[in-house]
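The chain contents come next:
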Amino acid sequence: MKKTRYSGAFAFLAAALLVLLIGNIHAGSVRLPVGEVLGILAAGPGGGGANGPILWNIRLPRILAAVILGGALSVSGFLLQTFFANPIAGPFVLGISSGAKLTVSLMMIFLLSRGIPASSMALIAAAFAGSLISMGFILVISRRVGQMSILVVCGVMIGYICSAVTDFLVTFADDSNIVNLHNWSLGSFSGISWDNVAVMAAVVGVTLALTFLQSKPIGAYQMGEVYARSVGVNIRAFRVVLILLSSVLSACVTAFAGPISFVGIAVPHLIKRLFGTAKPILMIPACFLGGGAFCLLCDLIARTAFAPTDLSISSVTAVFGAPVVIGMMISRKRERKV
C-alpha cells in the first residue's frame, strides 16, 4: 500500500513538472506553439528563425533555473526543519536568505563600482558566507532560548536587520548599481544565462548527492538525538554537515535569483502530506521535484499575469506559500488540543 502511494506521488510530481515545463515554454509575451518549439529545438542553438533566441537564450535557461533553484530551496528547507525539529523553520523565515542577500549586495557594490564583473562563484561564495553568519547567530540564540517560537521570531528580526542594512547600502550606491541590485533583490529568475545554469547545476547537483548520502543519519536524527547516538551517528559532526549543506543550497538560490520566500517551508510540508512520511530517502528527491514544480508555477504566473511586466517571484511564492504555512500552524494547534 505504501509503495503504491509513493509511486503515485512521484508520478504526480513528475507529471506536474512536465506539464509546467511545457506551459512555461509555450506561454509568454510571445506564444510559441508546440510544433514551432519542436522545430526550434531540432534546429539547435542559433537556429529556429526569429523565435529561436527567445527559446534558447531566454526561456530555457530561466525554466531550468526555476527547477534547479526551486528544488534546492525546498531541500534546504527540509534540512533546516530536520535540524531544528520544527516545520516552520526555513531559509527565509530564519533570516538565512537575508544574510546571504546582504553579503551578495556588498560584493556586487564593491565589484561593480570598480567595473569588475561579478562571477557566479564569487556570488555563491559571498552568499554562502552570509548564510553561515546568519546561521551562526541563529545557533547562538537557539542555545539561549528554549522555545522554537522565540527562535523563529529572532530569525525574522535578523532578516529585517539584514534587509535594512541592504537597503541602506543600496541608497548610497551608484545609480547603475542600484538598478542591478533592485532587480536582483526583488527575487527573479530572469536574466539567467547558460553559464549560470551550468554553475548552479554543478553546485546544486553535488550538494544534493552529498545530502542524499546522509539519508540514513538524517532518518536517525529525526528519531531523536539519543537514538541517533545509539546507532553510531556523531551528532556534532552531523550537525555541521547539515548546516553546511543547507547553507550551500540556500546560498546558491540567493546568489542567482535573490531572496525567495516561503518555498523552503511550504513545499516540504506539502510533500510530507502527499507521501504521508518524512523519510529522507523519499523526501530529498520528492522535495526537489516539488520545489521545481512550485517555482515553475509561480514563475509562469509572474511572467504572464501582467505581461509584458514581470512580477517579483518572491511576491508570487508568498501568495501561495503563506496560506499553506498558516494552515499548517492551525492544524498543528488543533492536533495538540486533541
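Shown above is the structure to which this text applies.
Per-chain numbering applies: the sequence of each chain, read as written, is numbered from 1 onward. Two thresholds apply to this predicted model, a pLDDT of at least 70 for residue-level local features and 80 or more for giving and counting side-chain atom pairs, whereas whole-chain, interface and lining totals are computed over all residues. To get the side-chain values, all heavy atoms of the structure are used, and hydrogens and water are removed first.

## Some words on the overall build of the protein chain
Going by this rule: For the purposes of this entry, the term helix denotes a DSSP run of H or I that reaches at least four residues, the term strand denotes a run of E that reaches at least two, and both are numbered from the N terminus. Relative accessibility under 20% of the residue-type maximum defines a buried residue, over 50% an exposed one, and the middle range a partly exposed one, all with a 1.4 Å probe and only protein chains included. The contact rule is simple, with two residues in contact once any of their heavy atoms fall within 4.5 Å.
In terms of regular secondary structure, the protein chain is built from 14 helices and zero strands. For the protein chain, the N- to C-terminal ordering of α and β elements is α-α-α-α-α-α-α-α-α-α-α-α-α-α. Seen through its C-alpha atoms, the protein chain measures out along the principal axes to roughly 65 × 55 × 35 Å. Every one of the 338 residues in the protein chain was classed for burial, and the buried ones make up 49%. Counted over contacts in the protein chain with a minimum sequence separation of 6, partners at least 24 positions apart contribute 77%.

## So, the pattern of salt bridges
Definition in use: Salt bridges are counted wherever a side-chain nitrogen of Lys or Arg sits within 4 Å of a carboxyl oxygen of Asp or Glu.
Summed over the entire model, instances satisfying the criterion amount to five salt bridges. In this structure, the salt-bridge partner of R62 is D299, at a minimum N-O distance of 2.9 Å. Of this pair, R62 sits in helix α3 (residues 52–84) while D299 sits in helix α13 (residues 280–304), and the two are 237 residues apart along the sequence. Judged on exposure class, the residue R62 and its partner D299 are both buried.

## So, the packing of aromatic side chains
Test applied: Any two rings among Phe, Tyr and Trp, with Trp reduced to its six-membered ring, count as a pair given centres within 6.5 Å; such a pair is stacked if its planes are under 30 degrees apart, edge-to-face if over 60, and tilted if neither.
Under the definition given, this model contains five aromatic pairs. Seen from their ring centres, F92 and F262 are 6.4 Å apart, and the 35° between their planes marks the pair as tilted. With F92 in the loop between α3 and α4 (96–112) and F262 in the loop between α11 (235–257) and α12 (263–275), the pair connects residues that are 170 residues apart, well separated along the chain. Residue classification places F92 among the partly exposed positions, given a relative accessible area of 34%. Relative accessible area serves as the criterion here: at 22%, F262 is assigned to the partly exposed category.

## Re helix α9 (residues 215–222)
If you check which residues of α9 are buried, you get S215, I218, A220 and Y221. Lining the buried residues of α9 we find α3, α8 (194–213), α10 (225–230), α11 and α13. Downstream of α9 by one or two residues, G224 has phi in the positive range, about 115°.

## Here we look at the environment of G205
Looking at the secondary structure, you find G205 in helix α8. Counting along the chain gives 13 residues from G205 to I192, while the straight-line C-alpha distance between them is 18 Å.

## Re a nonpolar patch on the surface
Cut-off, in case you're wondering: Here, patches come from residues exposed beyond 30% relative accessible area and free of salt bridges, joined within 9 Å for like charges and within 5 Å for nonpolar side chains (Val, Leu, Ile, Met, Phe, Trp, Tyr). Shrake-Rupley sampling with a 1.4 Å probe provides the accessible areas, and residues are treated as covered by the protein chains on show and by no other component.
A surface patch of nonpolar side chains, amounting to about 470 Å² of accessible area, comprises L18, I22, V34, L38 and L41. At the level of secondary structure, the elements contributing two or more residues to the nonpolar patch comprise α1 (2–26) and α2 (34–43). Counting residues per element, the nonpolar patch draws most heavily on α2, at three residues. Along the chain, L38 falls in helix α2.

## Some points on the environment of K216
By the secondary structure assignment, K216 is in helix α9. In sequence terms K216 and S131 are 85 residues apart; their C-alpha atoms lie 25 Å from each other.

## Observations concerning the packing of helix α5 (residues 120–144) against α8
The condition is simple: Lines fitted to the C-alpha atoms define the axes, with helices restricted to the stretch that makes contact. Angles between their N-to-C directions range from 0 to 180 degrees. Any angle between 65 and 115 degrees counts as roughly perpendicular, while under 35 counts as roughly parallel, over 145 as roughly antiparallel, and the rest as oblique. If you view the pair so one helix is near and one far, a crossing is left-handed when the near helix is turned anticlockwise from the far one by less than a right angle, and right-handed when it is turned clockwise. When residue character is reported, Ala, Val, Leu, Ile, Met, Phe, Trp, Tyr, Cys and Pro are called nonpolar, Asp, Glu, Lys and Arg charged, and the others, Gly included, polar.
Closest axis-to-axis distance for the α5/α8 pair is 10 Å, and the angle between their directions is 45°. Taken together, α5 and α8 sit at an angle that is classed as oblique. When you trace α5 past α8, the crossing you get is right-handed. Contacts between α5 and α8 pair S120, M121 and I124 from the former with N196, V199 and V203 from the latter. In the contact of α5 with α8, the residues fall into four nonpolar, two polar and no charged.

## Focus on α5
What counts is decided by this rule: One less than the residue count of a helix, multiplied by 1.5 Å, gives the span that helix is expected to have.
Here α5 contains 25 residues, and its C-alpha end-to-end distance of 37 Å stays within 8% of the 36 Å for a straight helix at 1.5 Å per residue. Among all positions of α5, only S120, A122, L123, I124, A126, A127, G130, S131, S134, M135 and I138 are buried.

## Points about the packing of α3 against α5
Direction vectors running N to C along α3 and α5 enclose 20°, while the axes themselves pass 13 Å from each other. If you check the angle between α3 and α5, you find them roughly parallel. Crossing handedness for the pair α3 and α5: right-handed. Within the contact between the two elements, α3 uses L80, F83 and F84 and α5 uses M135, I138 and L139. Its residues placed into classes, the contact of α3 with α5 shows six nonpolar, no polar and no charged.

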